[in-house]
Amino acid sequence: MLNEQTVTKLYTMKLNGMAEAYKEQQQQPKAAELAFDERFGMLVDRQWTWREDRALAARLENAHLKLPALIEDISYQASRGLKRSQLEQLATSEWIRYHQNCIITGPTGTGKTFVACALAQKAARDGHRVRYYVAGKLFRELIDAHADASYGRLSTKLQKTGLLVIDDWGMETLKETQYRDLLEILDDRHGSGSTLVTSQFPVNLWHDTIGNPTLADAILDRLIHNAHKIELTGESMRKKPKRA
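Keep in mind that this is a model prediction, so the values were computed, not measured. (Residues numbered from 1 in each chain as written. Predicted model: local features only at pLDDT ≥ 70, side-chain atom pairs only at ≥ 80, totals over all residues. Heavy atoms only, no water.)

**Q** What is the right way to read the pattern of salt bridges from this model?
**A** In a structure, side chains of opposite charge can pair up when their charged atoms sit close to one another. Applying the stated criterion across every chain yields a total of 6 salt bridges. The partner of Asp126 in a salt bridge is Lys122, with the nearest N and O atoms 2.8 Å apart. Under the relative-accessibility criterion, Asp126 is labelled partly exposed at 34%. Across the pair Arg140 and Glu172 runs a salt bridge, and its minimum N-O distance is 3.3 Å. In this pair, Arg140 sits in helix α7 (residues 135-147) while Glu172 sits in the loop between β3 (163-169) and α9 (176-189), placing the two residues 32 residues apart along the sequence. Assessed through its relative accessible area of 45%, Arg140 is described here as partly exposed. (Salt bridge = Lys/Arg side-chain N within 4 Å of Asp/Glu carboxyl O. Buried < 20%, exposed > 50% of the residue type's maximum accessible area, 1.4 Å probe, protein only. Helix = DSSP H or I, 4+ residues; strand = E, 2+ residues; numbered from the N terminus.)

Right, here's the structure in full:
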């Protein structure tokens, strides 16, 4: 009866990991032979793991990643121009801790989205808040936010995001007001978050895509000056087995 009460109290206090570990110890006769400190340490370790797993699951759910990509599954075929040493460095997520950016360019089908999602998934595993958007959807969400007076709330959410992924940049023609929204987002995130952008277009064409020279200078300055650049090449990976 006392054991059941203890388990109930642990669940009530949301110490689910510790409760499960405690129940397992009750079913293992040899557990009674362990010292109190050792048994207690095992309970604490299980609770810690349970909490961390829940936090990671929440970060991944909120990230809305397009693909369930893993950094361990990235292909380093020579024809792609992808450098293992560079990806291994980015996989540490240190660049996010230092609020640096990442730009991935290359033809359609070369794995830009997969690499971006793999880096984002690793960032979530390393404790960072992540949010993925296809560029067009982000700008439509910003338009809707202006319309229903929720722009401030959306802006705050983006500001608090450790890694913001903007996929397929440059695929849609935007209005000047939309570029101003982007500039405001980048300004708000300066020094507090990292941005990862993928695009079919090389960076040297982005200025002309934006149109307004002053806006283009400001946006590119905030994106490019401290960015890690990955330039993918080769044929479409969609013609090959499903690895990025």
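**Q** Before we go on, may I ask you to explain helix α3 (residues 36-63) in this structure?
**A** One turn of the α-helix equals 3.6 residues, which is why residues spaced by three or four share an orientation. Between its first and last C-alpha, α3 extends 41 Å over 28 residues, near the 40 Å set by a 1.5 Å rise per residue. Buried-residue contacts for α3 involve α2 (16-26), α6 (112-125) and β2 (130-134). Phi turns positive one or two residues past the end of α3, at His64, with a value near 55 degrees. (Expected span 1.5 Å × (residues − 1). Contact = heavy atoms within 4.5 Å.)

**Q** Is there a simple way to think about α7 in this case?
**A** Across its 13 residues, α7 extends 19 Å between first and last C-alpha, which sits within 8% of the 18 Å expected from 1.5 Å per residue. All buried positions along α7 are accounted for by Ala135, Gly136, Leu138, Phe139, Leu142 and Ala145. Where α7 is buried, its residues contact β2, α8 (151-159), β3 and α9. Backbone geometry just after α7 places Ala149 at a positive phi near 65 degrees.

**Q** Honestly, the packing of α8 against α9 in this entry has me stumped. Any pointers?
**A** Helix packing geometry: the angle between the two helix axes and the distance between the axes. The N-to-C vectors of α8 and α9 enclose an angle of 45 degrees; their axes lie 9 Å apart at closest approach. The pairing of α8 with α9 is recorded here as oblique in orientation. Both α8 and α9 take part in a crossing whose hand is right-handed. Here α8 contributes Tyr151, Ser155, Leu158 and Gln159 to the contact with α9, which in turn contributes Asp181, Glu184, Ile185, Asp188 and Arg189. When the residues that make up the contact of α8 with α9 are grouped by side-chain class, the tally is 3 nonpolar, 2 polar and 4 charged. (Axes fitted to C-alpha atoms, helices over the stretch in contact; angles between N-to-C directions. Parallel < 35°, antiparallel > 145°, perpendicular 65-115°, else oblique. Left-handed = near helix turned anticlockwise from the far one by under 90°. Nonpolar A, V, L, I, M, F, W, Y, C, P; charged D, E, K, R; others polar.)

**Q** Hey, could you run me through unusual backbone geometry in this one?
**A** Peptide bonds are mostly trans, and most non-glycine residues show a negative phi. For His64, which is not a glycine, the phi torsion comes out positive at approximately 55 degrees. On the basis of relative accessibility, which here comes to 46%, the residue His64 falls in the partly exposed class. One non-glycine residue with positive phi stands out, namely Ser93, at about 65 degrees. Following the sequence through the fold, Ser93 ends up in the loop between α4 (84-90) and α5 (94-97). Owing to a relative accessible area of 3%, Ser93 belongs among the buried residues under this scheme.

**Q** Please clarify how the side chain of Arg80 should be interpreted in this entry.
**A** With respect to the secondary-structure elements, Arg80 resides in the loop between α3 and α4. Polar side-chain contacts of Arg80 include one of 2.7 Å to the backbone oxygen of Ser75. In this structure the side chain of Arg80 is engaged in a polar contact, spanning 2.7 Å, whose partner is the backbone oxygen of Thr110. (Polar contact = N/O pair within 3.5 Å; in protein donor to acceptor, adjacent residues only side chain to side chain.)

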